[in-house]
Amino acid sequence: MEKKENNLDDKKSLLSLENRKKLVITGIVEVISFNDEQIILNTNLGTLNIKGISLKMNKLDVQNGQVIIIGTVNSCIYSNNHLKKKRTGMISKMFK
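- Looking at an unreviewed UniProt entry, the chain carries the name Sporulation protein YabP, with the source organism given as Clostridium algifaecis.

See below:
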C-alpha cells in the first residue's frame, strides 16, 4: 500500500485554465465537496479550493486523478495542509 501513496506523490500535477471557463486539473486524490459556487479537492500538492459561478464537474476520473470543471472560475487557492506539519516540525526544532 505504501507504493500507491508514494506513486501518488510522484505524479505530476497540472492546473490549466482556459478563458476562465474550463479548468483541467490532474493530481487529484479525492473530491472533498462541491456545489455550483465552490469545489474543494484534495490533490497531491495540498487542498485546492476553487470558487466561481455555475461550476460543474464535467469529467471526473478518480482512477487517473483528473477532473475537468466548467463554469466561470473566479479563484483557485491551494492550502498546504499536509506540508504545514513538516514546516511546523522544522520551525519548532530550530527554536528549541
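Now that the structure has been shown, we can carry on.
1. Some thoughts on unusual backbone geometry
Excluding glycine, residues mostly have negative phi values, and the peptide bonds linking residues are mostly trans.
Right, so step 1: In this structure, N19 is a non-glycine residue whose phi angle is positive, near 55°.
Right, so step 2: Mapped onto the secondary structure, N19 falls in the loop between strand 1 (15-18) and strand 2 (22-26).
Right, so step 3: By relative accessible area, N19 is classed as exposed at 66%.
Right, so step 4: Although it is not a glycine, R20 sits at a positive phi angle of roughly 60°.

2. Section: the pairing of strand 2
Right, so step 1: Among the five residues of strand 2, four are classified as buried, and the element is accordingly described as predominantly covered.
Right, so step 2: Sheet analysis places strand 1 next to strand 2, joined by four bridges and oriented antiparallel. Counterpart to L15 in the pairing with strand 2 is I25.
Right, so step 3: Counting the residues in the hairpin turn of strand 1 and strand 2 gives three residues, including N19, whose phi is positive at 55°.
Right, so step 4: Two strands pair when backbone bridges link them, and strand 2 and strand 6 (residues 66-79) are joined in this way by five bridges, in the antiparallel orientation. Across the sheet, T26 pairs through a bridge with Q66, a residue of strand 6.

3. A closer look at the nonpolar core
Right, so step 1: One finds L23, I25, I28, I39, L41, L48, I50, L55, V67, I69 and V73 forming the largest nonpolar core, which totals eleven residues.
Right, so step 2: L23 has contacts with L15, S16, L17, I50, V67, I68, I69, V73 and C76, leaving out every residue within four places of it along the chain.

4. Some points on the sheet that holds strand 4 (residues 38-43)
Right, so step 1: With antiparallel pairing, six strands are arranged side by side in an open sheet as 1-2-6-5-4-3. Looking at strand neighbours, the two that pair on one side only are strand 1 and strand 3 (28-34), the edges of this open sheet. Adjacent strand axes in the sheet meet at a mean angle of 35°, parallel and antiparallel pairs treated alike.
Right, so step 2: Of the pairings in the sheet, the one linking strand 5 (residues 46-61) to strand 6 comprises twelve bridges and is antiparallel in character. Paired with D61 across the bridge in strand 6 is Q66.

About the thresholds
- Residues numbered from 1 in each chain as written.
- Predicted model: local features only at pLDDT ≥ 70, side-chain atom pairs only at ≥ 80, totals over all residues.
- Heavy atoms only, no water.
- Helix = DSSP H or I, 4+ residues; strand = E, 2+ residues; numbered from the N terminus.
- Buried < 20%, exposed > 50% of the residue type's maximum accessible area, 1.4 Å probe, protein only.
- Pairing = 2+ DSSP bridges.
- Core = buried A, V, L, I, M, F, W, Y, C linked by side-chain atoms within 4.5 Å.
- Contact = heavy atoms within 4.5 Å.
- Axes fitted to C-alpha atoms, helices over the stretch in contact; angles between N-to-C directions.

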